[in-house]
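Remarks on the overall topology
One-letter residues, chain by chain:
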Amino acid sequence: MSRAPLPLHQVPGPPPQALLLVHRAPLPWMVQGAQQIHKSMFFLATVMMTSSIYITIKIGQFLLIGMGIFANTFLLLLHILMLLLDHRPKPSDMIICHVAFVHIMKLFTALFLLSTDLFEALNFMNDFKCKSLFCMIRVTRGLSMSTTCLLSILQAIIISPINSWLARFKHKCTKYIFHSFIILWFLSFFLNSNCLLYTAASFNVTQSNLLNVSKYCSLSRISSITRGLFFTFSLSRDVFFIGVMLLSSAYMVILLSRHQRQCQHLHRTHFSSRVSPERRATQTILLLVTFFVVIYWVDVIISFSSSLLWTYDPVILDVQKLVSNVYATVSGLVLISSDKRIKMCFRNVGKLQSNYNCLFMK
C-alpha cells in the first residue's frame, strides 16, 4: 500500500547549519553582479561630478567674459572722453585706452570660440575662422603683456626723482607712445604668425594626431625646426617683457619705501594718512603686474603640459580658457576702481541726480 503524503510542516528539510552555509557563501554570479553594480554606480557618480564641474566652469567663463567686456568698454570710453575733454590728460591715459581696447578684442574673440552659435554665425569658412580667431587670441595675449610692461615702465619714469637717469625721459616718453603701439602690434603679429600653420578646422584635416581645442578647431603638428624657431622667439619676447616688468616693479617698490621713510622722518607728529595720486597709481600698476605674472605662469604650465602630452582634457581646457581671460577682466575692474577721476564722475552724477529728484519732488 502506498503511504499517505506527510503534511507540509512535517516535510524534512536541510539542517540549520546548511542554511547558514548557503547564506554565508553567495554564488559567484551574485558577487560579479554586485561588483558590476558598484562599478556602474562609481562611473555614474564620476560622470555626474565631471559634468557638473564642466557646466560650472562654462557658466563662469561666460560671466567672466561678460564682466570683462563691460568693464573694459566702460574704461575705454571714459578715458577717450578724458583725452578729448581734459586739458592736461595723464600720460598713462593713452596706454590704458590701448590695453582696454586689446582686452575687449581678446574677450570678444574668446567669446566667439566659446559659443558655438556665435562661431557658426560668422559667414566664413571654418578653416579661415579658426586661423583668424586663434591668431587674434595669441596676438592680443602678447599685446596685453607688452602694454602692461609699457605701463609699468611709464609709471617708473613718472615717479622717478629729478636726479635719476630716468628723469630725462619724463617729457619725451609721451611723444613716442603711439609709435610704441605700432611696434608692439607688428612684433606680436610676427611672433604669432605660426598659428596660421598649425590651426585648422577639425573636419578639414584628415590627420589622426590632432589636438582638439574646441568643437570646430584643432591644432596639428608642425616640423620641429619651425616649432623650435617660433618657440625661441616667443620665449625670448616673454622673458624680456616679464623681466622688464619685474625690474620696473622692483624699482617702484624701492622708490615708494624710500619716500615713505622720508615722509615719516619729516612728519613724525603730523603725518597725513592721505595717499598721493602717484602713489595710488603705482600701487595699482604693481598689483596688475604681480597678478599678470602669476596668471601667465599658470597658463604656461597648463599649455606646456598639454602640448607635451598632446592631449587636452575638456575640464583642463576650460580651466585654461578661464585663467587666460581672468587678467583681461580683473585689470579693467582694478583700473576703474583705482582712478580717482572716475570716482569723481560718479559722485557728480549722483549729486546731479539727487538735485534733480529734489526739484522733481518740489
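Everything below is about the structure shown above.
From N to C terminus, the chain includes eleven helices and three strands. Each helix and strand of the chain, placed in order from N terminus to C terminus, yields the pattern α-α-α-α-α-α-α-β-β-β-α-α-α-α. Taken across its 362 residues, the chain has 37% of its residues classed as buried. Within the chain, residue pairs in contact and separated by at least 24 positions form 77% of the contacts whose partners lie at least 6 positions apart. Of the accessible surface of the chain, which amounts to about 23,400 Å², a share of 71% is contributed by carbon and sulfur atoms.

This paragraph deals with the nonpolar core. Nonpolar side chains in soluble globular proteins tend to end up buried together. Counting residues in each nonpolar core, the largest one holds 48 residues, and the members touching the most others are Leu75, Ile95, Met145 and Met245. Counting residues per element, the ones that place at least two in this core are helix 2 (28–85), helix 3 (92–114), helix 5 (126–158), helix 6 (177–191), helix 7 (195–198), helix 8 (224–266), helix 9 (277–309) and helix 10 (314–338). Once residues within four sequence positions are removed from consideration, Ile95 is found in contact with Thr147, Leu150, Leu151, Leu154, Ile177 and Phe181. Leu107, Leu133, Ala201 and Cys217 belong to the second-largest nonpolar core, a separate cluster that totals 15 residues.

As a further point, take the pattern of salt bridges. Under the definition given, this model contains two salt bridges. Across the pair Arg141 and Asp299 runs a salt bridge whose closest N-O atoms are separated by 3.6 Å. Taken as a pair, Arg141 in helix 5 and Asp299 in helix 9 lie far apart in primary sequence, 158 residues in all. Look at Arg141 and you get buried, because its relative accessible area is 17%. Arg237 is paired through a salt bridge with Asp238; the nearest N and O atoms lie 3.0 Å apart. Here Arg237 falls in the buried class, since its relative accessible area comes to 7%. What makes Asp238 buried here is its relative accessible area of 6%.

Here the focus is the packing of aromatic side chains. Taken as a whole and judged by the stated rule, the model has seven aromatic pairs. When the ring of Phe291 is compared with that of Tyr327, the centres are 6.4 Å apart and the planes differ by 25 degrees; the resulting orientation is stacked. Here Tyr327 lies in helix 10 and Phe291 lies in helix 9, a separation of 36 residues in the sequence. On the basis of relative accessibility, which here comes to 26%, the residue Phe291 falls in the partly exposed class. With a centroid separation of 5.4 Å and an interplanar angle of 75 degrees, the aromatic rings of Tyr296 and Trp297 are classed as edge-to-face. Tyr296 sits in the buried class, given a relative accessible area of 8%.

A few words on the packing of helix 5 against helix 6. Look at helix 5 against helix 6: their axes get within 9 Å of each other, and the N-to-C directions meet at 145 degrees. Remark: the crossing between helix 5 and helix 6 carries right-handed chirality. Counted together, Arg138, Val139, Gly142, Leu143, Ser146, Thr147 and Leu150 of helix 5 and Ser180, Phe181, Leu184, Trp185, Ser188 and Phe189 of helix 6 form the full contact between these two elements. The residue makeup of the contact of helix 5 with helix 6, split by class, is seven nonpolar, five polar and one charged.

Tracing the chain through its elements places Ile302 in helix 9. Put simply, Ile302 and Val323 are 21 residues apart on the chain and 9.9 Å apart in space, counted from C-alpha to C-alpha. Non-local contacts of Ile302, meaning those with residues more than four positions away in its chain, are made with Ile316, Val319 and Gln320.

Of note, Thr282 is situated in helix 9. Excluding anything up to four places from it in sequence, Thr282 contacts Gln155, Ile159, Met252 and Leu256.

What follows is about helix 5. The first and last C-alpha atoms of helix 5 sit 47 Å apart over 33 residues, in line with the 48 Å expected at 1.5 Å per residue. Burial of helix 5 is extensive: 26 of the 33 residues sit out of reach of the surface.

Attention now moves to empty space enclosed by the protein. Counted under the stated rule, the structure contains two cavities of 30 Å³ or more. Approximately 50 Å³ is the volume attributed to the largest cavity. Val99, His103, Thr148, Leu151, Leu288, Tyr327, Ser331 and Leu335 together form the lining of the largest cavity. When contributions to the lining of the largest cavity are tallied by element, the ones reaching two or more residues are helix 3, helix 5 and helix 10. Looking at the lining of the largest cavity element by element, the count peaks at three residues for helix 10. A class-by-class count of the residues in the lining of the largest cavity yields five nonpolar, three polar and no charged. By volume, the second largest cavity is sized at about 30 Å³.

Let's shift gears to the environment of Lys170. Among the structural elements, Lys170 can be located in the loop between helix 5 and helix 6. C-alpha separation for the pair Lys170 and Gln155, spaced 15 residues apart in sequence, amounts to 9.9 Å. Other than its neighbours up to four places away in sequence, Lys170 contacts Ile157, Ile158 and Ser160.

Conventions and cut-offs
- Residues numbered from 1 in each chain as written.
- Predicted model: local features only at pLDDT ≥ 70, side-chain atom pairs only at ≥ 80, totals over all residues.
- Heavy atoms only, no water.
- Helix = DSSP H or I, 4+ residues; strand = E, 2+ residues; numbered from the N terminus.
- Buried < 20%, exposed > 50% of the residue type's maximum accessible area, 1.4 Å probe, protein only.
- Contact = heavy atoms within 4.5 Å.
- Areas by Shrake-Rupley, 256 points an atom, 1.4 Å probe, with all protein chains shown as cover.
- Core = buried A, V, L, I, M, F, W, Y, C linked by side-chain atoms within 4.5 Å.
- Salt bridge = Lys/Arg side-chain N within 4 Å of Asp/Glu carboxyl O.
- Phe/Tyr/Trp six-rings, centres within 6.5 Å; stacked < 30°, edge-to-face > 60°.
- Axes fitted to C-alpha atoms, helices over the stretch in contact; angles between N-to-C directions.
- Left-handed = near helix turned anticlockwise from the far one by under 90°.
- Nonpolar A, V, L, I, M, F, W, Y, C, P; charged D, E, K, R; others polar.
- Expected span 1.5 Å × (residues − 1).
- 1 Å grid on protein atoms, 1.4 Å probe; cavity = no way out; pocket = protein on both sides within 12 Å on 5 of 7 lines; lining within 4 Å.
- Points joined across faces, edges and corners; volume = space filled by probe spheres on them.

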